[in-house]
Amino acid sequence: MAELSVVIVAADSEQQTVLRVLVDGTSVARVAHVCGSYPVAAADPAMRRIQSGSPVVTLVDIPAEQPGPALRALELLRQEMPQTALFAIGSMSQPQVIVSAMRSGAREFIERPTTTTDLLEAFVRLTAAQRSVKQNEVRGKLFTVVNAKGGSGATTIAVNLAMALQATHGNTALIDIAPLGHATLQMNLKPAFGLGDAVRNLHRLDSSLLESFMTRNSDGLLVLAGANAPLALEPSANDFARLFDMLVNQFRYVVVDASTRIDGATRLVCNLSETVLLVAHADVASLWSAARVQQFLRDGAGKNKVQLVLNRFRRIPGFSETDAETAAGVKLLWKIPNQYFAVSAAIDRGVPLMNQNHTDLARAFAGLASRLTENDVDVKRTAWSLFKSV
Ligand SMILES: Nc1ncnc2c1ncn2[C@@H]1O[C@H](COP(=O)(O)OP(=O)(O)OP(=O)(O)O)[C@@H](O)[C@H]1O
Ligand SMILES: [Mg+2]
């Protein structure tokens, strides 16, 4: 591993010293410059000093009591120095700060007090990810599928959406965080490892270890299997923050099946997501639940992030799509037709609908996948290309 040049940005002088010692202690990186103030503008002399260090990694210390300036500095650094990898150092007891840091462009959030091992692992992950993600600088997109009410069809939608994305774009992962994981069952896969193993090994997780915990289907879709017993594992929001940060660095598209898991950890994953697909049926109880769930998930998430997917859709006289949107309080993204026998048979046989030529349903899932990726620049380019890039 070539020696990485690192710039440290920390207002606290003790942290400056500690971080310098830790970085040098990894022996794979060296400190090019230590900056004692958070840059506030592109023309800020602090920014010029950071740039002159040509850092591969910029470590930004986020003080727990006043995180604002450090978070704004991350944002500015991402804009002005897109080639540097931003690592945030901060307290793991502030999930909102972790989310903000990642949104601002940090690719790692490292716990304070930090150790040389933490930093070394983060440096190793960075070089591994740069090697494996050919279209580097592009962070993957996360789509989370959540039920308004148990049995609405989240798993069916997550599985088939992930398969549609894999078929069109490749480099897709499906992550099962549901209370009881049904995704591999629907795909007739026999996972040896899963989410629990990834979370238990977070301290040493890199892209190859993560892949070894995943199960590959015949189309190359990688699935991180869910819990196989109730309450077998309760990953915290912080665990998920680290895991999903890795996932979006490794995959172009990540689909999450949350099903009926509606808790703080799911909310954090929704926060990190590009779009949250809230699955409901067009009936009063389901739409009432959808309104409650979206209120909980939207707390902190972007305004239009949560969108409605009406599953088992069929036209009901006197009930319009606008009525469904009003009742649920979210915009309608997509409709999946009601085809009970086809869906049930697919689940029972473990042959997902995307693997069958059942035209209506396969078309609905493929349409959903292209709707979710229609604004992706690289996807448009792929559509033009004679050769698939993945
Ligand atoms: N489009 C559809 N048309 C008809 N039936 C459907 C459709 N989608 C799902 N179903 C039926 O709904 C049931 C539940 O599906 P699935 O397991 O995907 O739901 P879920 O919301 O993930 O459930 P859980 O709450 O247990 O996680 C299945 O038995 C399936 O047959
Ligand atoms: Mg489910």
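If you're wondering where the values come from, they're calculated on a predicted model, not measured in any experiment. (Residues numbered from 1 in each chain as written. Chains lettered and ligands numbered in written order. Predicted model: local features only at pLDDT ≥ 70, side-chain atom pairs only at ≥ 80, totals over all residues.)

A. Highlighting the overall build of the protein. The secondary structure content of the protein amounts to 16 helices and 13 strands. Over its C-alpha trace the protein gives a radius of gyration of 22 Å, about what one expects of a compact globule, namely 21 Å for 390 residues. Projected onto the principal axes, the alpha-carbon positions of the protein cover approximately 65 × 45 × 40 Å. The 390 residues of the protein split such that 46% are buried. Considering only contacts within the protein whose residues lie at least 6 apart along the sequence, 74% involve residues at least 24 apart. (Helix = DSSP H or I, 4+ residues; strand = E, 2+ residues; numbered from the N terminus. Rg over C-alpha atoms; globule rule 2.2 N^0.38 Å. Buried ≥ 20, exposed ≤ 12 C-beta atoms within 10 Å, placed from the backbone. Contact = placed C-beta atoms within 7 Å.)

B. The environment of Phe365, seen in detail. By the element assignment, Phe365 lies in helix 15 (residues 359-373). Along the chain, Phe365 and Arg216 lie 149 residues apart, while their C-alpha atoms are 20 Å from each other.

C. Here's a closer look at the sheet that holds strand 1 (residues 4-9). Across the sheet, which stays open at both edges, the five strands sit in the order 2-1-3-4-5 with parallel pairing between neighbours. Each edge of the sheet is formed by a strand with only one pairing partner; in this case those strands are strand 2 (29-35) and strand 5 (106-111). Ignoring strand direction, the axes of neighbouring strands in this sheet form an average angle of 25 degrees. Taken strand by strand, helix 2 (residues 45-52) contacts strand 1, strand 2 and strand 3 (57-61), and its axis lies near 165 degrees from that of strand 2. (Pairing = 2+ DSSP bridges. Axes fitted to C-alpha atoms, helices over the stretch in contact; angles between N-to-C directions.)

D. Seen up close, the pairing of strand 10 (residues 253-259). In terms of burial, strand 10 is a largely internal element, seven of the seven residues being buried. Burial along strand 10 is two-sided: the face carrying Tyr253, Val255, Asp257 and Ser259 and the face carrying Val254, Val256 and Ala258 are both buried. Inspection of the sheet shows strand 7 (residues 172-176) paired to strand 10 by five bridges, in the parallel sense. Pairing of Ala173 across the sheet is with Val254, part of strand 10.

E. Quick peek at the site of ligand 1. Ligand 1 sits among 21 residues. The nearest are Gly150, Gly153, Thr155, Thr156 and Ser259. Top element by residues in the shell around ligand 1 is helix 14 (residues 340-349). It accounts for four residues. Residue classes in the shell around ligand 1 are distributed as six nonpolar, 14 polar and one charged. (Near = placed C-beta within 6 Å. Nonpolar A, V, L, I, M, F, W, Y, C, P; charged D, E, K, R; others polar.)

F. Local environment of the packing of helix 4 (residues 95-103) against helix 10 (residues 237-250). One can describe the packing of helix 4 onto helix 10 by two numbers: an axis separation of 10 Å at closest approach and a directional angle of 15 degrees. Taken together, the axes of helix 4 and helix 10 are roughly parallel relative to one another. Considering only the axes of helix 4 and helix 10, their crossing is left-handed. Two secondary-structure elements touch here, helix 4 through Pro95, Ile98 and Met102 and helix 10 through Ala237, Asn238, Ala241 and Asp245. (Parallel < 35°, antiparallel > 145°, perpendicular 65-115°, else oblique. Left-handed = near helix turned anticlockwise from the far one by under 90°.)

G. Region of interest: the confidence of the model for the protein. With 91% of its residues at a pLDDT of at least 70, the protein reaches an overall mean of 89. Here residues 380-390 is modelled with pLDDT under 50, and outside its nearest four sequence neighbours on either side it reaches seven contacts, counting other chains as well. (pLDDT = per-residue confidence, 0-100.)

H. View of the domain arrangement of the protein. Along its sequence, the protein is carved into domain 1 (4-132) and domain 2 (141-384). Each side of the interface is counted separately: domain 1 has 15 residues, and domain 2 has 16 residues. Listed by contribution, the elements that provide at least two residues to the side of domain 1 that touches domain 2 are helix 4, strand 5 and helix 5 (116-132). Take the side of domain 1 that touches domain 2: its biggest share by element is six residues, from helix 5. When grouped by side-chain class, the residues that make up the side of domain 1 that touches domain 2 number nine nonpolar, two polar and four charged. (Domains from an automatic or database assignment.)

I. Expanded view of the pairing of strand 11 (residues 275-280). Most of strand 11 sits inside the fold, with six of its six residues counted as buried. What you see with strand 11 is no split at all: Thr275, Leu277 and Val279 on one side and Val276, Leu278 and Ala280 on the other are buried throughout. In this structure, strand 11 lies alongside strand 12 (residues 306-313), joined through five bridges in parallel fashion. For Ala280, the partnering residue across the bridge sits in strand 12 and is Leu310.

J. Seen up close, the sheet that holds strand 11. Read across the sheet, eight strands follow the order 8-9-7-10-6-11-12-13 without closing on themselves; strand pairing throughout is mixed. Of all strands in the sheet, those bounded by a partner on one side alone are strand 8 (215-216) and strand 13 (332-337). As paired strands, strand 7 and strand 9 (residues 222-224) are joined by three bridges and run parallel to one another. Bridge pairing in strand 9 links Ala173 to Leu222. The strands touched by helix 6 (residues 154-169) within the sheet are strand 6 (141-147), strand 7, strand 10, strand 11, strand 12 and strand 13, with strand 10 carrying the most contacts at an inclination of about 175 degrees. Against the sheet, helix 11 (residues 264-272) touches strand 6, strand 10 and strand 11, its axis set at about 140 degrees to strand 6.

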